[in-house]
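What follows is the residue order along each chain.
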Amino acid sequence: MEYVTVADDLKFSKVIAGTMRASSEGLSGSKMADFVDRCLDTGVTTFDHADIYGYYESSRLFGEAVLQDHPALRDKLQIVTKFNIILPRKENGYAHYYDSSVQHLNESLNKSLEVLHTDYVDVLLIHRLDPLLDPEELAEGLDSLIKQGKVRHIGISNASYTYFEMVSKYVKTPLVTNQIEVNPLYTDTFFNGVMDSALIHKIPLMAWSPLAGGKLFHPETGQQFRVREILRQMAEKYGADSIDKIAYAFINKLPATICPIVGSTKFERIQSAIDAQSIRLTNKDWFKILEVSRGREVL
Ligand SMILES: NC(=O)c1ccc[n+]([C@@H]2O[C@H](COP(=O)([O-])OP(=O)(O)OC[C@H]3O[C@@H](n4cnc5c(N)ncnc54)[C@H](OP(=O)(O)O)[C@@H]3O)[C@@H](O)[C@H]2O)c1
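Residues numbered from 1 in each chain as written. Predicted model: local features only at pLDDT ≥ 70, side-chain atom pairs only at ≥ 80, totals over all residues. Heavy atoms only, no water.

K.L.:
Any chance you could explain the site of the ligand here in plain terms?
P.N.:
Near the ligand lie 26 residues; those nearest to it are Arg21, Asp48, Ser209, Ser264 and Lys266. Within the side chain of Arg128, an N or O atom sits 2.8 Å from an oxygen atom of the ligand. Gln179 places a polar side-chain atom, nitrogen or oxygen, 3.0 Å from a nitrogen atom of the ligand. A total of 910 Å² of accessible area belongs to the ligand in isolation, and the protein chains cover 89% of it. Classifying every residue of the shell around the ligand by side-chain character gives eight nonpolar, eleven polar and seven charged. (Near = heavy atom within 4 Å. Polar contact = N/O pair within 3.5 Å; in protein donor to acceptor, adjacent residues only side chain to side chain. Areas by Shrake-Rupley, 256 points an atom, 1.4 Å probe, with all protein chains shown as cover. Nonpolar A, V, L, I, M, F, W, Y, C, P; charged D, E, K, R; others polar.)

K.L.:
Even after reading the chapter, I still don't get the environment of Gly193, so can you show me in this structure?
P.N.:
Residue position: Gly193 is located in the loop between strand E10 (175–181) and helix H7 (194–201). Here Gly193 falls in the buried class, since its relative accessible area comes to 12%. C-alpha of Gly193 to C-alpha of Gly149: the two residues are 44 residues apart in sequence and 33 Å apart in space. (Helix = DSSP H or I, 4+ residues; strand = E, 2+ residues; numbered from the N terminus. Buried < 20%, exposed > 50% of the residue type's maximum accessible area, 1.4 Å probe, protein only.)

K.L.:
When you look at the nonpolar core in this model, what are you seeing that I'm missing?
P.N.:
Within soluble globular proteins, side chains that are nonpolar tend to cluster in buried spots. Counting residues in each nonpolar core, the largest one holds 82 residues, and the members touching the most others are Phe62 and Ile270. Residues in contact with Ile270, not counting those within four places in the same chain, are Val15, Ala17, Phe35, Cys39, Val44 and Val262. Core analysis: the second largest hydrophobic core is formed by 13 residues, Val4, Val6, Ile16 and Val176 among them. (Core = buried A, V, L, I, M, F, W, Y, C linked by side-chain atoms within 4.5 Å. Contact = heavy atoms within 4.5 Å.)

K.L.:
Just to check I follow, could you spell out unusual backbone geometry for this structure?
P.N.:
As a rule of thumb, non-glycine residues mostly have phi less than zero, and peptide bonds are mostly trans rather than cis. Its identity is not glycine, yet Asn84 carries a phi of approximately 120°, on the positive side. With respect to the helices, strands and loops of the structure, Asn84 is situated in the loop between strand E5 (78–83) and strand E6 (85–86). The buried category is assigned to Asn84, whose relative accessible area is 0%. Located in the positive-phi region is Asn158, a residue other than glycine, with phi close to 60°. Mapped onto the elements, Asn158 comes out in the loop between strand E9 (151–157) and helix H6 (161–170).

K.L.:
Which parts of the structure should I look at to understand the pattern of salt bridges?
P.N.:
All told, the structure shown has 14 salt bridges when counted by the stated rule. In this structure, Arg232 engages Glu229 in a salt bridge whose closest nitrogen and oxygen atoms are separated by 2.8 Å. One end of the pair is Arg232 and the other is Glu229, both in helix H8 (residues 222–238) and three residues apart, which spans about a single turn. Here Glu229 falls in the partly exposed class, since its relative accessible area comes to 31%. Lys237 is paired through a salt bridge with Asp285; the nearest N and O atoms lie 2.8 Å apart. Of the two residues, Lys237 sits in helix H8 while Asp285 sits in helix H11 (residues 283–294), which places them 48 residues apart along the sequence. A single salt-bridge network, built from bridges that share partners, covers Glu57, Arg60 and Glu64. (Salt bridge = Lys/Arg side-chain N within 4 Å of Asp/Glu carboxyl O.)

K.L.:
It is not clear to me how the pairing of E10 should be interpreted in this structure. Could you clarify?
P.N.:
Each regular strand shows side chains that alternate between the opposite faces of the sheet. When you tally the buried positions in E10, you get seven out of seven residues, the bulk of the element. Across three bridges, E9 lies against E10 in parallel orientation. Counted as the bridge partner of Ser157 is Gln179 from E10. The parallel pair E9 and E10, bridged by H6, forms a crossover whose chirality is right-handed. Between the parallel elements E10 and strand E11 (residues 205–208), the chain passes through H7 in a crossover that is right-handed. (Pairing = 2+ DSSP bridges. Right-handed = clockwise from strand over helix to strand, strands pointing away.)

K.L.:
Got a minute to help me understand the sheet that holds E10 in this structure?
P.N.:
Think of a sheet as strands paired side by side through backbone hydrogen bonds, with each pair either parallel or antiparallel. Overall, parallel pairing links the eight strands, which are arranged E3-E4-E5-E8-E9-E10-E11-E12 in a closed barrel. Each neighbouring strand pair of the sheet contributes to a mean axis angle of 30°, computed without reference to strand direction. Sheet topology places E11 next to strand E12 (residues 258–262); three bridges connect them, and they run parallel. Paired with Met206 across the strands is Cys259, a residue of E12. Across the sheet, H6 lies against strand E8 (121–126), E9 and E10, angled at about 155° from E10, the strand it touches most. (Axes fitted to C-alpha atoms, helices over the stretch in contact; angles between N-to-C directions.)

Everything listed here is a matter of coordinates, which is why it stays silent on function.
Here it is as structure tokens:
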């Protein structure tokens, strides 16, 4: 397994395990413990969480199955989590909105620490681009969490080039990553400055939905059918036994350092992402996939 330097005292495994589907896929108890053990055995040490995943349940399932009974594992893995999305619930009148206030920051992070059974997270991300975010207030709140030792590093998710720059101007420690959508169906980030931003700041990116949330396997639109077919042809050419490996190879070829976050709760899918690290697409084949995805010629 390759490891990616995120900060002087922090490395991510190149392949990251996402926990968003843990609750809906029934990954709990011994199943969760086995899954995490297998990840650690193969060198996948970084786990991506958010306070809201699984309707606020996924981190709890992870904490109960892994760190509650085996606190010594904490030093062997890295936890990334996020805050600022509020999901509809009875107590908030079923409203769905963002809250980047210091009060919510503290409530969310303290809850995450409690359910994860840990006293710190390695990286805390601002989850979504919030038009009401007060950068000065948030910077104070984040700094205080770092001083208390509850958060080691901070980052952002879904940030445009300018949003990343704006937040960077206020926070007291540098943002260490931007977690963005990247997959063969969604290629906007190659052209909207987000990749450039990562190269300028020399930070790794984390790629969410690297397999387009499963749409590559269950196509419904013309673009999805086209991309599945070109990935199938490339899989044949490169001797890959499934199209997901070509999707990961497509992401891995980008010059920015990108850690794909595998969304599946099945360990064999993690293994696919690891195996894909050795596939090197030619420029010609990479651009062919891009062309097919965008449905227009590369000029
Ligand atoms: N920052 C953000 O805003 C944000 C947003 C979304 C997600 N995320 C993070 O990114 C992670 C990954 O997102 P994701 O779950 O959408 O990722 P994904 O890996 O693109 O999609 C996972 C889906 O693909 C399916 N799949 C994978 N391999 C398959 C195969 N060979 N054949 C058929 N189906 C296959 C999985 O089904 P199976 O269960 O059958 O394997 C699962 O339903 C999340 O866990 C979360 O940590 C972040």
